[in-house]
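# Secondary and tertiary structure notes
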Amino acid sequence: DWMSDILHQFSISYRDIQTAIFIDGPGAYTGLRVGATILNMLRLTYPITIRAVSSSVAYAAVIPDSVGFFGMVLPGSRGCVFVRFFSNVNGVLEAVSDGKMMGVDVFQRLIMDSFSQVPFFGVLDDKLAKMMGQVTINYTKISFDYARFLRRVRHDQIGLFHIKDWIYPRYQRGAVYTNVKGEMK
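The shown structure was predicted, so the numbers you read here are calculated from the model rather than taken from an experiment. (Residues numbered from 1 in each chain as written. Predicted model: local features only at pLDDT ≥ 70, side-chain atom pairs only at ≥ 80, totals over all residues. Heavy atoms only, no water.)

### Section: helix H6 (residues 146-154)
For an α-helix, 3.6 residues make a turn, and residues three or four places apart therefore share a direction. Turning to H6, its buried residues are Arg148, Phe149, Arg152 and Val153. The buried residues of H6 occupy an angular sector of 140° when projected down its axis, which confines them to one face. What points out from H6, more than 90 degrees from its buried face, is the exposed set Tyr146 and Arg154. Against strand E1 (19-23), strand E2 (49-53), helix H3 (55-60), strand E4 (80-89) and strand E5 (92-95) lie the buried residues of H6. Its side-chain oxygen placed 3.1 Å from the backbone nitrogen of arginine 148, aspartate 145 serves as the N-cap of H6. (Buried < 20%, exposed > 50% of the residue type's maximum accessible area, 1.4 Å probe, protein only. Helix = DSSP H or I, 4+ residues; strand = E, 2+ residues; numbered from the N terminus. Arc of directions from axis to C-beta. Contact = heavy atoms within 4.5 Å. Polar contact = N/O pair within 3.5 Å; in protein donor to acceptor, adjacent residues only side chain to side chain.)

### Topic: the side chain of arginine 84
Here arginine 84 lies in strand E4. Buried charged residue arginine 84 carries no salt bridge. Nearest counter-charge: aspartate 98, at 5.0 Å. A polar contact is formed between the side chain of arginine 84 and the side chain of serine 54, at a distance of 3.3 Å. Separated by 3.0 Å, the side chain of arginine 84 and the backbone oxygen of serine 97 make a polar contact. (Lys, Arg positive; Asp, Glu negative; His and termini not counted. Salt bridge = Lys/Arg side-chain N within 4 Å of Asp/Glu carboxyl O.)

### Topic: the environment of aspartate 16
As for its position among the elements, aspartate 16 is in the loop between helix H1 (2-9) and E1. You can call aspartate 16 partly exposed: its relative accessible area is 45%. Taking the C-alpha atoms as reference points, aspartate 16 and tyrosine 46, 30 residues apart in sequence, are found 9.3 Å from one another. Reaching out from aspartate 16, the side chain makes a polar contact with the backbone nitrogen of serine 13 at a distance of 2.8 Å.

Written out as structure tokens, the structure is:
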């Protein structure tokens, strides 16, 4: 299986895993549920601590320390974008707003009215980037840098929350929540 291949690549076993980081959304519902299920299964078998972070925070963690205030924009469903603002002071990343899903037209007005000088980073697909191209925006497409993300996690430079009893994709509607024993809540 693919997980065994990855563990073999790094010469470790399942028993060597002490902490797992779960990126809990926003994101594709099926992918989040599969990830949550795999981690729950591992936690039932091995003494693994699971910590979670939102995808906006995970992507924001890879932005260079030299960028002070910035926005993250991620693709949402049906032509919407997910927007969240961050402060990056002295290498410590802090979310300064809650994330918000909005239509591209609302996002364009937000940029024109209040945030035209703010740099935005994200992973928008070409279609959304083209739709947003109708307004002047300081936007840089990024890719996820696992090494930088993990360095910031190790140095407590981003906020992870500890999950004790259950894990679920918290931004998705209609999710069935289960605790560690698999009982439905």
